[in-house]
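This is what each chain is made of:
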Amino acid sequence: MPHIRSLSAFAVTAALFSTPILFATPSSAKTLVYCSEGSPENFYPGINTTGTSFDANSQIYSRVVDFERGTTKVIPGLAEKWDISADGTVYTFHLRKGVKWHSNANFKPTRDLNADDILFMFERQWKESHPYFKVTSSNHSYFNDMGMPKLLKSVEKVDDYTVKVTLNAPEAPFLSDLAMEYAGVQSKEYADAMLKAGTPEKVDQEPIGSGPFYLVQYQKDAIIRYKAFPQFWGGKAKIDDLIFSITPDASVRWAKLQKGECHVMPYPNPADLDAIRKDANVTILEQPGLNIGYLAYNTTKKPFDDVRVRKAMNMAMNKKAIVDAVFLSSGVPAINPIPPTMWSYNTSIKDDPYDPDAAKKLLAEAGFPNGFETDLWAMPVQRPYNPNAKRIAELMQADLAKIGVKAEIKSFEWGEYRKRAQAGEHQMAQLGWTGDNGDPDNFLNTLLGCSSAKGNGSNIAKFCYQPFEDLVLKAKSVSDQAERTKLYEQAQVIFKEQAPWFTIAHSVQLKPVRKEVVDFKLSPFGRHTFYGVDLK
Amino acid sequence: MLRFLFTRVSLVIPTFIGITLLVFVLIRLIPGDPIETMAGERGIDPKEHARLVHEYGFDQPVIVQYGYYILRVIQGDLGRSIVSHKPVIEEFLALFPATVELSICAIAFALLIGIPAGILAAVKRNSIFDQGIMAVSLTGYSMPIFWWGLLLILLFSVQLGWTPVSGRIAVLYFVEAKTGFLLIDTLLAGDIDAFRSAVSHLILPAIVLGTVPLAVIARMTRSAMLEVLGEDYIRTARAKGLSNFRVVTVHAFRNALIPIVTVIGLQVGVLFTGAILTETIFSWPGVGSWLINAIARRDYPVLQGGTLLIGSIIMSINLLVDMTYGLINPRIRHQQ
């Protein structure tokens, strides 16, 4: 029986060396392990572009204002309260007193957080002459994308605990913009000390923040270790230690969760979902994400400049079949260009019905009784809002063939794809969007407004329709949310009439979490924050 | 011996130029540019794009970029990662010990099982044992690493619960990196539990990574031994009445070693290639997964620097292997 003997020898060796799994370890400290999907780029959120990096950083830094956990509602952060001038251009932030900084081997803070630190956050990303503008990277991606350089007129320190921000024009989403991760506040005192020591980049590698957790250890591709910061201004976190166990493979993450080597995992493999649902120790949290996957018609190119053609296309494609086949249980068919979890979502709008006969009739009316030829672009990558663009394109192609439209599927390398689509080279192209700040402006204006239809903007339908534009621009300048809601609801009606997109689906984020985790809340932005989470 | 060394070392320079040029040109042939990739989902404003392309020097002709790159490499500067903005050499040195530790364990596993198995197969030629070993080694050689790794995880980690799923050590242990080799660091820290944890984490990845070398070594040992066992001096040794054990281990095995050592040397390259997949499956924080990420992010400096460093290490090891021939077989030494 050599086989059995060697197997049992292996078992003995393995058992001898086997490590205690989490729950078997007697320990008074509460340690939560999160199996994250990758390594952060660095510890400066101002230049980060990936969710992975934001997750690693949002535990460390505080922001002027925050999003309430699990929602897109803006709540006080480092600023206890704020005043907005009547014309909506001056924001005065009143900062919290006694906010403590973390410390590390390089730096022991001598003062609490004050207005200088807030100014440092703005100026580092804004002013090219700032000594930190180019440190680590000069690509302050989100700061630029949210239009801050154009929007900001001045940022002034009124006193140690008051900051006045003046804008060039009223901007209703401004507060939401400041709650985003790129606006994480770093210590100016630390930055000055490191600049003096000739090692400014340390500020972004060995971070000092004022958030609920401080960084203890980071080993690339292996582990990020945090400890709860006892002096955190919001009170100490319920867990004592937070560990990011970096695990890039989704099936391995699931194996670790199953075995109890971690408590929370992101991005499960769709193929594992059935098994995950059957596991008694694990719950799957679900929520439609703040995203949309769509097929954009290039409204400046024939035949898609005719609204009848666009409507006909919308009726020719069987959305339910597409979502069922490609998203499985992780997507809901999309009706509007904003997700149903976002405020101002218009629930009264009905989707275009799947009706190939009506579509054919409409197409004939538009002068294409025998259909036409077009391209159909499919993204080369998998995205949360579109797990398989090629498959979707194939299903669409088959549906369109039924009304005589011959679609040729095209694809390019991802960077190239986006560049060409933004330049408007396509007739029909799939793309999608994940919201940044929870504001409808971030979808309706960014993706469908006239200014982003120009040049290489993100409005790849090149849709510029004045009645829609007027509503969206007005909503941007009004600060009353009820009024904004009305404007956006009307804008969605126009969107549906004009049909610049075939809205495909909103993906549902699925988060397998072990049963002993208490009060983990799904973030609409897909972030993973662990302040407020407890363990049984 | 000196001339032998000199000819070997002189080959290193053209190889070095070849590696740098090939990597430099090849990665620029992959579609997509690093600045676009860096910008992520949202794309980047063309002005900002142009500014960054200029800042990184990607707007210059490839040959000029290559010239600057070589100049910097000669000065020992491999550049900074576009993603983390840390020096490439610093990232490499932090991750390399993990790869070395895994590779050493994998090759040790391959040698400890492969050589005895090969010898036994040769001695008991054409027996069921021989055929069994050869069939198993052929299977091992053909097994896709990715599939094999997941299979072992599912069986030993998830079903039986004998080994941990992935990583280098249980997350509860906090061992300061002195040498970067966890087996040594845990012992230096005097933490036996942490050492056990490190060993248990090594078992599956070492088996997965060692499987292909094991198969190759077992087959090579068998054929080398078969050849030697048919030689006249083996018959003479037997005729002198030496024990079978002594004939096989001392007379036959020593002479069969040259092709075996060559194959082991060649396995270093295989190990690094295999490490890329193995490290990804087992979330092993080594240079393999680092390079894979760099490809996805079009991190040119990391790809160039990492490949160059790994290439240099493989070249040095092969040089060492060539030198050991001299030690194993005096004829090579003297002929040169």
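Cut-offs and rules
- Residues numbered from 1 in each chain as written.
- Chains lettered and ligands numbered in written order.
- Predicted model: local features only at pLDDT ≥ 70, side-chain atom pairs only at ≥ 80, totals over all residues.
- Pairing = 2+ DSSP bridges.
- Helix = DSSP H or I, 4+ residues; strand = E, 2+ residues; numbered from the N terminus.
- Axes fitted to C-alpha atoms, helices over the stretch in contact; angles between N-to-C directions.
- Contact = placed C-beta atoms within 7 Å.
- Nonpolar A, V, L, I, M, F, W, Y, C, P; charged D, E, K, R; others polar.
- Core = buried A, V, L, I, M, F, W, Y, C linked by C-beta atoms within 7 Å.
- Buried ≥ 20, exposed ≤ 12 C-beta atoms within 10 Å, placed from the backbone.

Draft legend 1. Local environment of the sheet that holds strand β4 (residues 79-84) of chain A. Residue and element names in this part refer to chain A. The strand order across the open sheet built from 4 strands is β4-β5-β7-β6, with neighbouring strands paired in antiparallel fashion. Two strands in the sheet have a free side with no partner beyond their single neighbour: β4 and β6 (152-159). Taking the axes of each pair of neighbouring strands and ignoring which way they run, one obtains an average angle of 20° across the sheet. For β4 and strand β5 (residues 90-95), the ladder comprises 5 bridges, and the chain directions are antiparallel. Looking across to β5, one finds that Asp83 is bridged to Thr92. Sheet contacts for helix α3 (residues 115-126): β5, β6 and β7 (162-167); angle to β6, the most-contacted strand, approximately 160°.

Draft legend 2. Examining the interface of chain A and chain B more closely. Listed as interface residues are 50 residues of chain A and, on the opposing side, 50 residues of chain B. Elements with a contribution of two residues or more to the side of chain A that touches chain B: α1 (2-17), α4 (141-145), β8 (213-219), β9 (223-228), β10 (241-245), α9 (250-259) and α15 (414-422) of chain A. Partitioned by chemical class, the residues of the side of chain A that touches chain B number 13 nonpolar, 23 polar and 14 charged.

Draft legend 3. Structural view of the nonpolar core. By size, the foremost hydrophobic cluster in this structure holds 155 residues, and its most contacted members are Ile217(B) and Met225(B). Broken down by element, the residue count for this core peaks at 22 residues, all from helix α10 (residues 192-229) of chain B.

Draft legend 4. Structural context of the pairing of β7(A). All names here are of chain A. Where β5 and β7 come together, 5 bridges link them in antiparallel fashion. Pairing of His94 across the sheet is with Thr162, part of β7. Between β6 and β7, which pair antiparallel in sequence order, lie 2 residues.

Draft legend 5. Main features of helix α11 (residues 307-316) of chain A. When you tally the buried positions in α11(A), you get 8 out of 10 residues, the bulk of the element. By the burial criterion, the buried members of α11(A) are Val309(A), Arg310(A), Lys311(A), Ala312(A), Met313(A), Asn314(A), Met315(A) and Ala316(A).

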